[in-house]
Structure formats: structure tokens, C-alpha cells
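Here are the chains, one letter per residue:
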Amino acid sequence: MTIFRTAKMAFKSILHNKMRSFLTMLGIIIGVCSVITLVSVIQGVQRQTMEAYSKMGTNIINAYYGTWSSGYIDENGNYVESASRTIDLTDAFFNECARLSEYIMGVTDSQSGNASAKYKSKTLANARTYAASDTFDVCLNLELAAGRSVSYSDVRNKTHVCTLGSYTAKEFFGLEDPLGKQIKINGNYFTVIGVYKSKYDNLEYSQDNMIAVPRTCARAVGLQQDRSSGNFTVKCRDAEATKKAMYFLSTWLQEQLPPNNSYSGVYSDNSWQKQEEETLNMFTYVVGGIAGISLLVGGIGIMNIMLVSVAERTREIGIRMSIGARRRDIITQFLIEASVISACGGVIGILLGALGSAMLSSAIFRRVYLPSPFIAVGAFAFSVALGIFFGFYPANKASKMQPVEALRNNQ
């Protein structure tokens, strides 16, 4: 008997008992649907997280340092503060990054703070003001919508210019062209020279609500510059360059700072991204495994119904064996029947899982995430394999029947 004819018989048997076949499929349907839905939603979380990191930029290094004065207790038990050396490494750090241009694309001061800004009668009480270098937009992964960003000459000459985020520009100017206009920050006038494109849908509490001024004008906008500490954002050329730049900058800072009265650190956002991705992948496996338990229950249901089918068709098996059917023909027939049931359940589960993924992702993320083809194909293949695995015992039991004893069965 050919595989085609065997499969035809299997479909005929399934259609003959529609309700029983559907109830048998139900465990597979629920299992596949739950696995696909939960895994797809977690992958949606992963996509959202990676998109957020992408907006912030990749291959970013954050470097910081600080120093403090020390003292001693005199013979009278009084604390005496010793003369401390004030260390300002800001310019030196920028020069060191320029020396490492093979690995580094840009560096900017990480100093920022909320400031009150005004344009005519409009006021923004909590505009986020940044002390920017000439590579500020490179470091923060920003794109210009109009005008230009802060230049090296602006920094060197302490020019009172600024570049606005999309939210700030919209609130102050609406449809009016902001370039060349003057806004007042902390009592000082700054000329608008550029506007950045939106990164966060013009949200107020985001980087779109920003004002970037030359870092040498930080005091003019109310940013207090502490000469004993520094915090910098460094943009590297690629992941390998990030590792090398981290090593060189960390070594350089340790050489510049006093050993006992200082602290410093150099770390990369790449490590956070990798750790976040690994955590979400592990969570995906755990949730997928928990949801996969229902697939095992469905497989046991298939075994149960196939044992019932073997018992009901004992006489049919005896007739087939008496006219020349071999053991492998009987095994093939029941295995195909079991795999067809599980495959049909898998297909229905995939369709319901895709629908569930779309509905949940739309409700949670306001975006529709469908399951990846890899998950769908994997779920289908696993459901078929499950049918074959749990269908083998009943099929093997049917193939071991003696024709004479099977023919005596009156069922």
C-alpha cells in the first residue's frame, strides 16, 4: 500500500469521527496557540527594548571620574583639612579622545539639567539643557531636521547659540521658522541655530524636549561645573573599537588621578544591551517551556484516542494482515493518522496564535507583532513530531496483533 493511499485512509478515519478528532486536536491547538502567543509577545518586548537602545545609539562609552580632598586629626583631636589639588581633566579628556580617533568618533560632556527657557510670552519650565561639544549629535545619535549643530568654534569662542529638540521647537515656535530666533535661558539670550529630528514622538518627558548649548556656556544656562569631577559620553566606531577605547580610556584616567583620593569608571552600553537580550531570550525559553507542557498533554490525548481506535478496528487490522499487510504497513497507517491529527491541530493553533499575538501586541505595544516564520514552522514540526512520538505505541501494538485473534474480535 502506498503512502498516498495510507494517508487517504487516515483522513477518512478522522472525518468519520469529526468530534472525537477535534477533541483530540484540542490539546495540540491550545498548546501551539499558547506557545506562539506568549513567545511572540516576549519577542515584541525584545524588539521594543532593542529599538530603544538603537535610538540611544550603539557603541557608546560612559566615562566618569571624581576627586576629593583628604585631611588628618591633629594632636588636639581636631580634624584638619589638607590642601587638595584641584583636578580638571575635561580638556585633557577631550584631547585624549582626539588622540584615539582611530577608535573614537566623538565625545561630549554628559552634563545636563532642567532649565527655564522663554521665547516671547511662552515659557518651558523643564526644558532639558545639555552642555554640548561639536560631536554632541554623533554621541547621542541625533539627526538634524534644520540648521546646524554646535560647532568647534562655538565651543572655543563660548558663542551663545543653541540647537533645539523637536518638542522644544514645536512648543516655542509652532509653524514659525525657529532659525535665527533668540530664546532666553537662565536670563541669557541664545540664538537658535538648528533643530533635531524627533526620536520619541515629540514627548515632553523625553530627549525631544532639549536645548543643547556649547559646553563652555554651561554656567550661563545654570549648569554647575564641578572642577573636581567629570562625566562624558563617547561614541566609538564599532563594537571592537569600543572594547579597545574602554581599555585605553580606563588606563589613562587611572594614570591621571591620585590613587587614594579619586574614583573613575568606564563602561559601555553594549554590555547592557547584550545582558538585556540574553535575559529576554532566557525568559522566552522558560515561558515557551511552560506553555509547551500543554503540548505534552495534547500528545497524551493523541495516544489515548489512538489506543481506542486500535481497539475499535481490531477486526479491520486482522483482515488487512490476513490478505498480506505487513507490520510496517499497519504502523505506517496509524502513525500517519496520528501525525495528521496533530498536524491539523498545529495549523489551527498557529492561526489562532497569530491572531492572539496580533491582538495582544496591539493592546500592549500599540503595534502589531506577528510570530516569526521560524516559530510557526518550529511549532508545526514539533506538533507533527509529537503525533508520531505518541502515536508509535498504539501503532506498534496494532502491528503485533495475530491475524487469527484479531479476526475473532466482534467489534
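Scroll up a little and you will see the structure.
In this report, the structure presented in the accompanying data block is examined.

Definitions and cut-offs
- Residues numbered from 1 in each chain as written.
- Predicted model: local features only at pLDDT ≥ 70, side-chain atom pairs only at ≥ 80, totals over all residues.
- Heavy atoms only, no water.
- Buried < 20%, exposed > 50% of the residue type's maximum accessible area, 1.4 Å probe, protein only.
- Helix = DSSP H or I, 4+ residues; strand = E, 2+ residues; numbered from the N terminus.
- Contact = heavy atoms within 4.5 Å.
- Salt bridge = Lys/Arg side-chain N within 4 Å of Asp/Glu carboxyl O.
- Disulfide = S-S within 2.5 Å.

**A short note on helix α6 (residues 166-173)**
Given 3.6 residues per helical turn, the α-helix brings residues three or four places apart onto the same face.
Here is step 1 of the chain: Counting buried positions along α6 gives six out of eight residues, so the element sits mostly inside the fold.
Here is step 2 of the chain: On its buried side, α6 packs onto β5 (112-119), β6 (122-132), β8 (161-164), β9 (182-185), β10 (188-196) and β11 (210-214).
Here is step 3 of the chain: Trailing α6 by a residue or two, Gly174 shows a phi angle of about 60°, which is positive.

**Regarding the pattern of salt bridges**
Opposite charge on two side chains lets them pair, provided their charged atoms get close.
Here is step 1 of the chain: Applying the stated criterion across every chain, the model contains six salt bridges.
Here is step 2 of the chain: Between Arg215 and Asp91 there is a salt bridge, and its shortest N-O distance comes to 3.4 Å. Of this pair, Arg215 sits in the loop between β11 and β12 (229-236) while Asp91 sits in helix α3 (residues 90-99), placing them 124 residues apart in sequence.
Here is step 3 of the chain: Here Glu143 ties to Lys197 by a salt bridge, and the two come within 3.5 Å at their closest N and O atoms. Residue Glu143 is located in the loop between α4 (136-139) and β7 (144-147), and its partner Lys197 is located in the loop between β10 and β11; the two are separated by 54 residues in the primary sequence.
Here is step 4 of the chain: By relative accessible area, which is 41% here, Lys197 ends up partly exposed.

**Quick look at the state of the cysteines**
Here is step 1 of the chain: With the rule as written, the count across this model stands at zero disulfides.
Here is step 2 of the chain: The thiol sulfur of Cys236 is not disulfide-bonded, and the nearest other cysteine sulfur, from Cys97, lies at 8.3 Å.

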